[in-house]
Amino acid sequence: MNKTISFAIVHFSVAFTITYIMTGSIVIGGALALIEPAVNTVAFHIHEKVWLKRRKAAQIIMAA
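Residues numbered from 1 in each chain as written. Predicted model: local features only at pLDDT ≥ 70, side-chain atom pairs only at ≥ 80, totals over all residues. Heavy atoms only, no water.

1. Things to note about the overall build of the protein chain
Of regular secondary structure, the protein chain possesses two helices and zero strands. By its C-alpha atoms, the protein chain is 60 × 25 × 15 Å across when sized along the principal axes. Sorting the 64 residues of the protein chain into buried and exposed places 9% on the buried side. Within the structure as shown, the protein chain displays about 5,600 Å² of accessible surface, and the carbon and sulfur contribution to it stands at 75%. (Helix = DSSP H or I, 4+ residues; strand = E, 2+ residues; numbered from the N terminus. Buried < 20%, exposed > 50% of the residue type's maximum accessible area, 1.4 Å probe, protein only. Areas by Shrake-Rupley, 256 points an atom, 1.4 Å probe, with all protein chains shown as cover.)

Listed below in C-alpha cells is the structure:
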C-alpha cells in the first residue's frame, strides 16, 4: 500500500508540474492533477476487464 500511495503522489506531482509549466496556472494544474489520474484509473479498470476477456478467449481457443 505504501508503494501505491507513493506512486499516486508522484503521479499527481508530475501531472500538476507539467500542466503548471505549460499553462502557468495553479488552478488548471491542480484540476488536471486531480482529474487525469481519476480518468486513468477508470480507463485502467476497463483495460483490465478487456484484457482478462481476451486472455480467457485465447485459453479457450488453445484448449480446443
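2. A look at the packing of aromatic side chains
Under the defined criterion, the tally for this structure stands at one aromatic pair. With a centroid separation of 5.9 Å and 10° between ring planes, the pair formed by F16 and Y20 is classed as stacked. Of this pair, F16 and Y20 both sit in helix α1 (residues 2-23), separated by four residues, roughly a single helical turn. Judged by its relative accessible area of 28%, F16 is partly exposed. Since its relative accessible area comes to 37%, Y20 is described here as partly exposed. (Phe/Tyr/Trp six-rings, centres within 6.5 Å; stacked < 30°, edge-to-face > 60°.)

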